[in-house]
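What the coordinates show
Next come the chains, spelled out residue by residue.
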Amino acid sequence: MTTKKAKIILAIETSCDETAAAVIRGFGKQVEVLSNIISSQIDIHQKYGGVVPEIAAREHVYNVLPVIKEALEQAGITHNELDAIAVTQGPGLITSLHIGTESAKALAFVWQKPLILVHHVESHLYANFIDNTAIKFPAMVLTVSGGHTALYLMAGHGDLKLIGETIDDAAGEAFDKSAQLMNLGYPGGPLVSSEAKKWEGQKNPKYLEIDLPRPMLNKPNFNFSFSGLKTALLYQLQKDKNWKKRIPEYCFELQEAIVETLVKKTIKAAEKYHTSTILLAGGVSANQRLRQYLVEYAKLKLPNVKVNIPDLRYTTDNAAMVGACAYFKLKAGKSTKNNATITADPNLELN
Ligand code: KG4
Ligand code: ZN
């Protein structure tokens, strides 16, 4: 008789400007996070208004080994106990990705462990599977981050079909670029969101005078387009001498336009493909308005569909989600034989 043993995975994520390492334990359908360490570079990049790839790569070099060491220590795990090492292979910034993949390859070689290569967007959706064994397939997955906005039909683990995606900017990019137009700083998403709250928080908010488009909302496909929204905002700011005094109102309407478009298309897609579940994933899924709108609108339109939203800790880039994704790959026999030809791929396709 064989007894099933839990799998312990060290996961590494360096696709953009967070150096992250985590240790997860997987058993059956369950994924538990033993440690989740993130060294963020936001403070360093803030003064440039965005991520500077060369600086990001240099910071990853400084941080990657201390972050991995801390992840192992906090989990109380020695490298002998690891079943595999997982790493984000792409997509992302090539200079950043290299630091993670080369570190993972070196450790896998020295410690003689299998290597699991993970797609960044797929790993985001696995944030939903941490401490959650109740997700039913098929699921409609909305992935919204700084680089990606897409809807996937997930029939099971490792079985993703692209249903629609942005034809230009990602939703996170729309937040970031619009924030730049209003000189709010970087990253734009959380800043726009907190400005929008000020408008919501007014005791007697004036009637909203700003009106931004809901791009592609009524198109019969599931694609998105957010670059026109940013341009529409720019035109409105240019026409308004008082825009600096009305930033909360602009941010409120911008957030509503992005959120409404994302949610309504997701619900339409879930309805068309008869999914049991809707999963939200990616950095923009940290947005409180998006989380609330999706839950409320789904309850109204598709009361039998269960909406799952990841824990806030696992929404923006982290390695716990990479570990969760890797665990299901390992279960399916998808670890890679570690060798020198494995490289980071900034344009890695999903599947
Ligand atoms: O997934 P992520 O950490 O990195 C990428 O893979 O891109 O996502 C970062 C994006 C940024 O565009 C950031 O502005 C956005 O997620 N974001 C948010 C919020 N927190 C992060 N957007 C809206 N509201 C938020 N609270
Ligand atoms: Zn991401």
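We now turn to the structure provided with this report. Remember, predicted model here, so these are calculated numbers, not experimental data.

Time to look at the pattern of salt bridges. Here the structure, examined in full by the defined rule, presents 16 salt bridges. The partner of Glu-195 in a salt bridge is Lys-198, with the nearest N and O atoms 2.9 Å apart. Placement of the pair is Glu-195 and Lys-198 together in helix H6 (residues 188-200), with a separation of three residues, close to one helical turn. The class of Glu-195 is buried, set by a relative accessible area of 15%. Given the relative accessible area of 49%, Lys-198 is considered partly exposed. Between Arg-214 and Glu-253 there is a salt bridge whose closest N-O contact spans 2.7 Å. With Arg-214 in the loop between H6 and helix H7 (227-239) and Glu-253 in helix H8 (residues 247-272), this residue pair connects regions lying 39 residues apart in the sequence. You can call Arg-214 partly exposed: its relative accessible area is 22%. Taken together, the salt bridges that share partners define one network made up of Asp-169, Glu-173, Lys-177 and Lys-230.

Close contacts around ligand 1 come from 18 residues, with His-124, Gly-146, Asp-176, Gly-189 and Asn-287 the closest. A distance of 3.2 Å is found between an oxygen atom of ligand 1 and a backbone nitrogen or oxygen belonging to Gly-172. Note that an oxygen atom of ligand 1 is positioned 3.0 Å from one of the backbone N or O atoms of Gly-189. Here ligand 1, which alone exposes 550 Å², has 87% of that area covered by the protein. Elements represented by at least two residues in the shell around ligand 1 include exactly helix H4 (120-125), helix H5 (171-181) and H6.

Bringing the coordination of the zinc ion (ligand 2) into the picture now. Of the protein atoms, only His-120 (NE2), His-124 (NE2) and Asp-317 (OD) coordinate the zinc ion (ligand 2), at distances of 2.0 to 2.1 Å. Each donor residue of the zinc ion (ligand 2) belongs to the same chain, and together they define the spacing H-x3-H-x192-D. Of the two residues, His-124 is situated in helix H4 and Asp-317 in the loop between strand E10 (306-308) and helix H10 (320-331); the sequence distance between them amounts to 193 residues. Each member of the pair His-124 and Asp-317 is classed as buried.

The next subject is H5. Three or more residues of H5 are buried, namely Ala-171, Gly-172, Ala-174, Phe-175, Ser-178 and Ala-179. Considered in projection along H5, the buried side chains sweep an arc of 160 degrees and stay on one side of the axis. Those residues of H5 that are buried are in contact with strand E6 (139-144), strand E7 (149-156), H6, H7 and H8. Following H5 by one or two positions, Asn-183 has its phi on the positive side, about 55 degrees.

Geometrically, a packed helix pair is captured by the angle between its two axes and the distance between the axes. Viewed as axis vectors pointing N to C, H8 and helix H9 (residues 288-301) meet at an angle of 40 degrees, and their least axial separation amounts to 10 Å. As far as their axial angle goes, H9 and H8 are oblique. Considering how the two elements wind past one another, H8 and H9 form a crossing that is right-handed. Contacts between H8 and H9 involve Gln-255, Glu-256, Val-259, Glu-260, Leu-262, Val-263, Lys-264, Thr-266 and Ile-267 on the former and, on the latter, Arg-289, Leu-290, Tyr-293, Leu-294, Tyr-297, Ala-298 and Lys-301. Residues of the contact of H8 with H9, tallied by class, amount to nine nonpolar, two polar and five charged.

Remark: H5 packs on H8, axes separated minimally by 11 Å, with the N-to-C direction vectors making an angle of 175 degrees. Judged by the inter-axis angle, H5 sits roughly antiparallel to H8. Seen from H5, the contacting residues are Ala-171, Ala-174, Phe-175 and Ser-178; seen from H8, they are Leu-254, Gln-255, Ile-258 and Leu-262. By residue class, the composition of the contact of H5 with H8 is six nonpolar, two polar and no charged.

By secondary structure assignment, the location of His-60 is in helix H2 (residues 53-75). By relative accessible area, His-60 is classed as buried at 0%. In contact with His-60, not counting residues within four places along its chain, are Thr-14, Cys-16, Asp-17, Glu-18, Thr-19, Gln-41, Ser-96 and Ile-99.

Let's shift gears to the packing of aromatic side chains. Any pair of aromatic rings gets described here by the distance separating the centres and the angle formed by the planes. Tallying each qualifying case throughout the model produces eight aromatic pairs. Taking 6.0 Å as the distance between ring centres and 65 degrees as the angle between the ring planes, the aromatic pair formed by Tyr-293 and Tyr-297 counts as edge-to-face. Highlighted residues: Tyr-293 and Tyr-297, both in helix H9, separated by four residues, approximately one helical turn. Exposure remark for Tyr-297: the relative accessible area of 18% places this residue in the buried category. Among the aromatic residues, those joined into a ring-pair cluster are Tyr-126, Phe-129, Phe-137, Tyr-327 and Phe-328.

Cut-offs applied
- Residues numbered from 1 in each chain as written.
- Chains lettered and ligands numbered in written order.
- Predicted model: local features only at pLDDT ≥ 70, side-chain atom pairs only at ≥ 80, totals over all residues.
- Heavy atoms only, no water.
- Salt bridge = Lys/Arg side-chain N within 4 Å of Asp/Glu carboxyl O.
- Helix = DSSP H or I, 4+ residues; strand = E, 2+ residues; numbered from the N terminus.
- Buried < 20%, exposed > 50% of the residue type's maximum accessible area, 1.4 Å probe, protein only.
- Near = heavy atom within 4 Å.
- Polar contact = N/O pair within 3.5 Å; in protein donor to acceptor, adjacent residues only side chain to side chain.
- Areas by Shrake-Rupley, 256 points an atom, 1.4 Å probe, with all protein chains shown as cover.
- Donors = N, O, S within 2.8 Å, 3.2 Å for Na, K, Ca; no water.
- Arc of directions from axis to C-beta.
- Contact = heavy atoms within 4.5 Å.
- Axes fitted to C-alpha atoms, helices over the stretch in contact; angles between N-to-C directions.
- Parallel < 35°, antiparallel > 145°, perpendicular 65-115°, else oblique.
- Left-handed = near helix turned anticlockwise from the far one by under 90°.
- Nonpolar A, V, L, I, M, F, W, Y, C, P; charged D, E, K, R; others polar.
- Phe/Tyr/Trp six-rings, centres within 6.5 Å; stacked < 30°, edge-to-face > 60°.

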